[in-house]
Amino acid sequence: LRLSADQQISDAVDNVNARIENVENLNAQIMKMKSKSLLVSDLEDQRDLQIDYIAKEMNVRTFSRENGQLAIMTGANDFLLDRQAYPLEFKVASAALADGQMADLTLDDGLPGAHAAISGDISSGRISGLIKVRDELLPQVQDQLDALAYNLARKMSDLTIGATTAGLN
């Protein structure tokens, strides 16, 4: 289940990155058309739809630049798009151990070798829910199942049938 949640996080990250790229392309078209004094309302509507999709996946904030471009930031003020896209990065785990830490969602901020972990900064949306399920809920359920199995095995280790005690190991 943790691996499944991990794969769903990866899919959501891929979709967010694709939508950010779409917004980047729409920004360029809007800026070009505005410089020619053409109407851009259809392109702005398309861009708003892309932003709405991203917002369903994770908490984001936006603001407009004077040239008509839109910048996108995470809830913790890290840029996802500001004149250029800064893609989210995520590596799917190949195995999930009950006590094992799984990969963080990171952001390439454009600096060489700098990838900031932002999993803790995502406070809403589908990605936030998947991270909580993967890192909090499922390990708690695993701990409860382990305790139940241990107690059951301990109680079954010496079973008295009639007057005879049988060691079941």
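For the structure, see preceding data.
Residues numbered from 1 in each chain as written. Predicted model: local features only at pLDDT ≥ 70, side-chain atom pairs only at ≥ 80, totals over all residues. Heavy atoms only, no water.

**Quick word on the sheet that holds strand S2 (residues 70–74)**
Filter applied, for reference: A pair of strands is treated as paired once DSSP finds two or more bridges between them. Every helix listed is a DSSP run of H or I at least four residues long, and every strand listed is a run of E at least two residues long, numbered separately from the N terminus. Angles run from 0 to 180 degrees between N-to-C directions of axes, and those axes are lines fitted to C-alpha atoms, restricted for helices to the stretch in contact. In what follows, residue pairs with any heavy atoms lying within 4.5 Å of each other are defined as contacts.
With antiparallel pairing, three strands are arranged side by side in an open sheet as S1-S2-S3. Either end of the sheet is taken by a strand with one partner, and the two such strands are strand S1 (60–64) and strand S3 (79–81). Going across the sheet, the axis of each strand differs from the next one's by a mean of 30°, ignoring polarity. Of the strand pairs in this sheet, S2 and S3 are connected by two bridges, and their pairing is antiparallel. Among the inter-strand pairings, Met 73 is bridged to a residue of S3, identified as Phe 79. With respect to the sheet, helix H1 (residues 2–35) is in contact with S2 and S3, its orientation differing from that of S3 by roughly 60°. Together, S1 and S2 form the strand contacts of helix H2 (residues 41–57), whose direction differs from that of S2 by roughly 0°.

**Considering the side chain of Asn 27**
Applicable threshold: Only protein chains enter the area calculation, which uses a 1.4 Å probe; residues under 20% of their type maximum are buried, those over 50% are exposed, and those in between are partly exposed.
Tracing the backbone shows Asn 27 in helix H1. The exposure class of Asn 27 is buried, given its relative accessible area of 3%.

**Considerations on the packing of H1 against helix H3 (residues 126–156)**
Which entries qualify depends on this criterion: An angle below 35 degrees is read as roughly parallel, one above 145 as roughly antiparallel, one from 65 to 115 as roughly perpendicular, and any other as oblique. Less than a right angle of anticlockwise turn of the near helix away from the far helix marks a crossing as left-handed, whereas a clockwise turn marks it as right-handed. For this classification, the nonpolar set comprises Ala, Val, Leu, Ile, Met, Phe, Trp, Tyr, Cys and Pro, the charged set comprises Asp, Glu, Lys and Arg, and every other residue, Gly included, is treated as polar.
In the contact formed by H1 and H3, the axes pass within 9 Å of each other and the chain directions differ by 165°. With respect to each other, H1 and H3 are oriented roughly antiparallel. Between H1 and H3 lies a crossing whose hand is left-handed. Contacts between H1 and H3 involve Arg 2, Ala 5, Asp 6, Gln 8, Ile 9, Ala 12, Val 13 and Val 16 from the former and Arg 126, Ile 127, Leu 130, Ile 131, Arg 134, Asp 135, Leu 138 and Pro 139 from the latter. Among the residues making up the contact of H1 with H3, the classes are represented as ten nonpolar, one polar and five charged.

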